[in-house]
Amino acid sequence: MKINGVSIPLPAPVSLVELLEQQGYPTTRIAVEKNGEIVPKGAYETTVIADDDVLEIVSFVGGG
């Protein structure tokens, strides 16, 4: 699978929330796109990530 253009081996399918925790991403203040589709935060626990998926993860930052 790929996260933000970087290939990462995924030996078995996992839920998106599990993958985010394994990779050290906070589940707040981020947006996740899976294979070109935005994943709603309410679906993180039920969205299954497989080895052929492509994710884009962006963090929201405040400032001014």
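The preceding data block contains the structure.
Throughout, residues of each chain are indexed from 1 in the direction in which the sequence is written. Since the coordinates come from a predicted model, pLDDT governs what is reported: local features require at least 70, and pairs of side-chain atoms require 80 or more to be given and counted, while whole-chain, interface and lining totals use all residues. Where side-chain values are given, they derive from all heavy atoms of the structure, hydrogens and water being excluded.

Student: Any chance you could explain the environment of valine 32 here in plain terms?
Tutor: Looking at the element boundaries, valine 32 is found in strand β4 (residues 30-34). On the basis of relative accessibility, which here comes to 0%, the residue valine 32 falls in the buried class. For valine 32 and isoleucine 57, which are 25 residues apart along the polypeptide, the C-alpha to C-alpha distance reads 4.7 Å. Only heavy atoms matter for contacts: two residues are in contact if any of them lie within 4.5 Å across the pair. Leaving out residues up to four positions away in the same chain, valine 32 has contacts with Leu16, Leu20, Glu37, Ile38, Val39, Tyr44, Leu55, Glu56 and Ile57. A run of H or I in DSSP counts as a helix once it spans at least four residues, and a run of E counts as a strand once it spans at least two, with each numbered from the N terminus. Three exposure classes are used, based on accessible area relative to the maximum for each residue type with a 1.4 Å probe and protein chains only: buried under 20%, partly exposed in between, and exposed over 50%.

Student: Would you explain the sheet that holds strand β1 (residues 2-3) in this entry?
Tutor: Strand-to-strand pairing in sheets goes through backbone hydrogen bonds, with the strands running parallel or antiparallel. At least two bridges found by DSSP between two strands is the condition for calling them paired. Ordered in space as β2-β1-β7-β4-β5, the five strands form an open sheet in which the pairing is mixed. Looking at the sheet topology across the chains shown, the edges are occupied by β2 (6-7) and β5 (37-39). Two strands pair when backbone bridges link them, and β1 and β2 are joined in this way by two bridges, in the antiparallel orientation. If you follow isoleucine 3 over to β2, its bridge partner there is valine 6.

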